[in-house]
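Structural features, examined
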Amino acid sequence: MQEFHERPEEDEDEEELYEHYRFRAEKGQKPLRVDKYLMNFIENASRNKIQQAAKAGNIWVNEEPVKQNYKVKTNDIVKVVLSYPPKENQIIPQNIPVNIMYEDESLLLVNKEAGMVVHPGHGNYSGTLVNALKYHFDHLPSIQSELERPGLVHRLDKDTSGLLVIAKTEYAMDYLAKQFFERTTRRKYIALVWGNVESDEGTVKGNIGRNPSNRMQMAVLEEPEGKHAITHYKVLERFGYVTLVECRLETGRTHQIRVHMKHIGHTLFNDERYGGNQILKGTTFNKYKQFVQNCFETCPRQALHAKTLGFQHPVTKEEMKFNSEIPSDMQNLIEKWRGYAQSAIEA
């Protein structure tokens, strides 16, 4: 099933980047284009390859991606980061607790906590779910050329909580990957978004790709740019200035729910990367501002939870469906807004 051995792409995952080179510009460094600067240090690197890397967002200076004409100066930290690890990079097994909801000989289902990175990447080389899996399970399979991700069929963003299925055999890996590839899995998320969503139900269609004006974000792009993406949503509860919605994925693109909801004017609550950690709806009263700040502290991450996951078992062919409870931080956040909305009605 070679055609399914693609890089696993999940809707809410941070793009993983691995540091391959790091240089500090020495004292007295005269301003020099970063592409020329790197050619002096990286063996067998052509200027064209370095320029292509810069266009792809792989050349960073002082923790920010730069263009090839950036002028390096004294004390600048210049890095080359890529989507795959250096060959010498090895996953260190770590005894980290994992919340396993189901397990058999073929697979296990993990309920990931918010704050846990799924696999090693730029700035997160330890303490990840993969480090934990490496400790708890021997010989988990990996997608070909993705050996740093044992057992992973799909992914979740660091600050998104919820369900992940992990393959324990090569056959299960192929069979589950095929279902994600063919979009036959069933995935539902719960999200709290800014604003009063007008329609009770709706569908967002829009190609998703790297935001050309902000390389740290994804965005909806005009065809043929980006990758085809479809998100279905349904309103669960309205709280006036925010809305609780259920999102069902038809495709699985990086940051899909976050990007699609922002695209229709309803950024996820407290989604720092996409501006949801600012007051986007409401009043100018100090009391309201304090209430929202308390909400940010109650749920210090984007309010997004992967609640439901369904798929066909690779061996028994049984249709399996799992549900997870909304975690306490997000549940407390919802209760706060529910109380606020009720008090507003009574007033």
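The structure contained in this document is the topic of the report that follows. (Residues numbered from 1 in each chain as written. Predicted model: local features only at pLDDT ≥ 70, side-chain atom pairs only at ≥ 80, totals over all residues. Heavy atoms only, no water.)

Digging into the overall build of the protein
We apply this condition: Strands here mean DSSP runs of E at least two residues long; helices mean DSSP runs of H or I at least four residues long; both are numbered from the N terminus. The buried label applies to any residue whose accessible area, calculated with a 1.4 Å probe on protein chains only, is under 20% of its type's maximum; exposed applies above 50%, and partly exposed to all values in between. What makes two residues a contact is simply this: any of their non-hydrogen atoms within 4.5 Å.
Counting its regular elements, the protein contains seven helices and 17 strands. Taken across its 347 residues, the protein has 50% of its residues classed as buried. Residue pairs at least 24 apart in sequence account for 70% of intrachain contacts in the protein once pairs closer than 6 positions are excluded.

Points about the environment of T251
To keep things clear, this is the line we draw: Whenever two N or O atoms come within 3.5 Å, that pair is a polar contact, provided that in protein one can donate a hydrogen and the other can accept it, and provided that, for residues adjacent in sequence, both atoms are side-chain atoms.
Along the chain, the position of T251 falls in the loop between β15 (242–249) and α5 (256–263). On the basis of relative accessible area, T251 is assigned to the buried category, the value being 2%. Separated by 22 residues in sequence, T251 and A229 place their C-alpha atoms 5.4 Å apart. Look past the residues within four positions of T251 in its chain and what remains in contact with it is R183, R187, H228, A229, I230 and Q256. At 2.9 Å, the side chain of T251 forms a polar contact with the side chain of Q256.

Remarks on the sheet that holds strand β4 (residues 64–65)
Our working rule: Any two strands between which DSSP finds at least two bridges are classified as paired.
Across the sheet, four strands lie side by side as β1-β6-β3-β4; this open sheet has antiparallel pairing. Of all the strands in the sheet, just β1 (18–24) and β4 have a single pairing partner and so form its edges. Both strand β3 (residues 59–61) and strand β6 (residues 77–82) contribute to a ladder of three bridges, which runs antiparallel. Bridge assignment links I59 to a residue of β6, and that residue is V80.

Looking at helix α4 (residues 170–181)
This is how it is decided: By definition here, a helix of n residues has an expected span of 1.5 Å times n minus one.
Along its 12 residues, α4 runs 16 Å from first to last C-alpha, staying within 8% of the 16 Å computed at 1.5 Å per residue. What α4 keeps buried is the set A172, M173, D174, Y175, L176, A177, Q179 and F180. Once α4 ends, the next one or two residues include R183, with phi positive near 65°.

So, the packing of helix α6 (residues 286–298) against helix α7 (residues 328–346)
Short version of the rule: Here the axes come from fitting lines to C-alpha atoms, over the contacting stretch only for helices, and the angles between their N-to-C directions go from 0 to 180 degrees. In these notes the angle categories are as follows: under 35 degrees is roughly parallel, over 145 is roughly antiparallel, 65 to 115 is roughly perpendicular, and the rest is oblique. Handedness of a crossing is defined here by the sense of rotation of the near helix relative to the far one, left-handed for an anticlockwise turn of less than a right angle and right-handed for a clockwise turn. Residue polarity is assigned by list, with Asp, Glu, Lys and Arg as charged and Ala, Val, Leu, Ile, Met, Phe, Trp, Tyr, Cys and Pro as nonpolar; anything else, Gly included, falls into the polar class.
Direction vectors running N to C along α6 and α7 enclose 160°, while the axes themselves pass 9 Å from each other. The pairing of α6 with α7 is recorded here as roughly antiparallel in orientation. Between α6 and α7 the crossing geometry is right-handed. Contacts between α6 and α7 involve Y288, F291, V292, N294, C295 and T298 on the former and, on the latter, D329, N332, L333, K336, W337 and Y340. Across the contact of α6 with α7, the residue classes tally to seven nonpolar, three polar and two charged.

A look at helix α3 (residues 129–136)
All of the buried residues along α3 are L129, V130, N131, A132 and L133. Elements that come into contact with the buried residues of α3 comprise β8 (107–112) and β9 (161–167). Its side-chain oxygen at 3.3 Å from the backbone nitrogen of V130, T128 defines the N-terminal cap of α3.

Just distances and angles here, no functional claims.
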